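Summary of structural features
Read off the chains here:
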Amino acid sequence: MGYTLGLKRSCLTSEEIERRLADAGVHATAQRIAIARYVLCEADHPTADQVKSWADKNFPKMSMATVYNTLKILVAAGLLKKIAFPHLNEAVYDDNITAHYHLIDEKTGRMSDLDPADFKVTANLKGVRIKEIEIFIKGRRELS
Ligand SMILES: [Zn+2]
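Residues numbered from 1 in each chain as written. Predicted model: local features only at pLDDT ≥ 70, side-chain atom pairs only at ≥ 80, totals over all residues.

**Topic: the overall build of the protein chain**
Broken down by element type, the protein chain carries four helices and five strands. Ordered by position from N to C terminus, the α and β elements of the protein chain give α-α-α-α-β-β-β-β-β. Principal axes of the C-alpha set define a box for the protein chain whose edges measure 45 × 40 × 30 Å. In the protein chain, buried positions account for 19% of the 144 residues. Taking the intrachain contacts of the protein chain between residues at least 6 apart in sequence as the baseline, contacts between residues at least 24 apart amount to 49%. (Helix = DSSP H or I, 4+ residues; strand = E, 2+ residues; numbered from the N terminus. Buried ≥ 20, exposed ≤ 12 C-beta atoms within 10 Å, placed from the backbone. Contact = placed C-beta atoms within 7 Å.)

**Re the packing of helix α2 (residues 30-42) against helix α3 (residues 48-58)**
Angle between the axes and distance between the axes are the two parameters that describe a pair of packed helices. Running from N to C, α2 and α3 cross one another at 125°; their axes reach a closest spacing of 11 Å. Comparing their axes, α3 and α2 come out oblique. Note on packing geometry: the crossing formed by α2 with α3 is right-handed. Across the interface between the two elements, Ala-34, Ile-35, Tyr-38 and Val-39 from α2 touch Val-51, Trp-54, Ala-55 and Asn-58 from α3. Tallied by class, the residues present in the contact of α2 with α3 amount to seven nonpolar, one polar and no charged. (Axes fitted to C-alpha atoms, helices over the stretch in contact; angles between N-to-C directions. Parallel < 35°, antiparallel > 145°, perpendicular 65-115°, else oblique. Left-handed = near helix turned anticlockwise from the far one by under 90°. Nonpolar A, V, L, I, M, F, W, Y, C, P; charged D, E, K, R; others polar.)

**Re the sheet that holds strand β3 (residues 101-105)**
Read from one edge to the other, the open sheet built from three strands follows the order β4-β3-β5, with strand pairing classed as mixed. Either end of the sheet is taken by a strand with one partner, and the two such strands are β4 (111-114) and β5 (136-139). On average, each strand axis in the sheet is tilted by 30° relative to the strand beside it, whichever way the strands run. In terms of strand pairing, β3 meets β5 through four bridges, oriented parallel. (Pairing = 2+ DSSP bridges.)

**Thoughts on the nonpolar core**
In this structure, Ala-36, Val-39, Val-51, Leu-71, Leu-74, Leu-79 and Leu-80 are the most contacted members of the largest nonpolar core, which totals 17 residues. Secondary structure elements with two or more residues in this core: α1 (14-23), α2, α3, α4 (64-76) and β2 (91-94). Beyond its immediate stretch of four places on either side in the chain, Leu-74 contacts Ala-36, Leu-79 and Leu-80. (Core = buried A, V, L, I, M, F, W, Y, C linked by C-beta atoms within 7 Å.)

**A look at the domain arrangement of the protein chain**
Once the domains are mapped, the protein chain shows domain 1 (14-94) and domain 2 (101-139). Taking the mean C-alpha position of each, domain 1 and domain 2 sit 24 Å from one another. (Domains from an automatic or database assignment.)

**Topic: the environment of Trp-54**
Mapped onto the secondary structure, Trp-54 falls in helix α3. Overall, the presence of 19 C-beta atoms within 10 Å leaves Trp-54 in the partly exposed class. With 15 residues separating them along the chain, Trp-54 and Asn-69 place their C-alpha atoms 16 Å apart.

**Comments concerning α4**
Compared with an ideal rise of 1.5 Å per residue, which puts 13 residues at 18 Å, α4 spans 18 Å between its outermost C-alpha atoms and is within 8% of the ideal. When we look at burial in α4, the residues that qualify are Val-67, Thr-70, Leu-71, Ile-73 and Leu-74. End-on, the buried residues of α4 take up no more than an arc of 160°, which puts them together on one face. Residues Ala-65 and Asn-69 are exposed on α4 and point more than 90 degrees away from its buried face. Against α2, α3 and β2 lie the buried residues of α4. The positive-phi residue at the C-terminal boundary of α4 is Gly-78, with phi of around 80°. (Expected span 1.5 Å × (residues − 1). Arc of directions from axis to C-beta.)

**Section: unusual backbone geometry**
At His-45, a residue that is not glycine, the phi angle is positive and equals roughly 50°. Inspection of the secondary structure assignment puts His-45 in the loop between α2 and α3.

Printed below as a string of structure tokens:
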């Protein structure tokens, strides 16, 4: 059985986010916690621009540089994963930091997580040490 969109969210409380940031040696400002909560609990594979659009409604004076910087801090603290996809000009920020693949809905462009346990991936590449495999599949989920 694969992942279902929204099933496995790592939605942390503000206190947990604060602790994780402190563990990473980062001061947990209200803005950082708010951005972390948005990306971890509400957004779904957002781009930095999408985070900025959200921030504009909640923190009207937040600059794009602050959004980028905060996302970078959250990635460095291990709360988010930054992924570059060939079909997008921008990277997306993923709250699922475990190894997983992605399904891109061919109609909506919406991205959802796929469980690597549903795949059998083999590679026979002599002289290549594989660090990570990214798979994205274009298609549609059938209603069941
Ligand atoms: Zn994902």
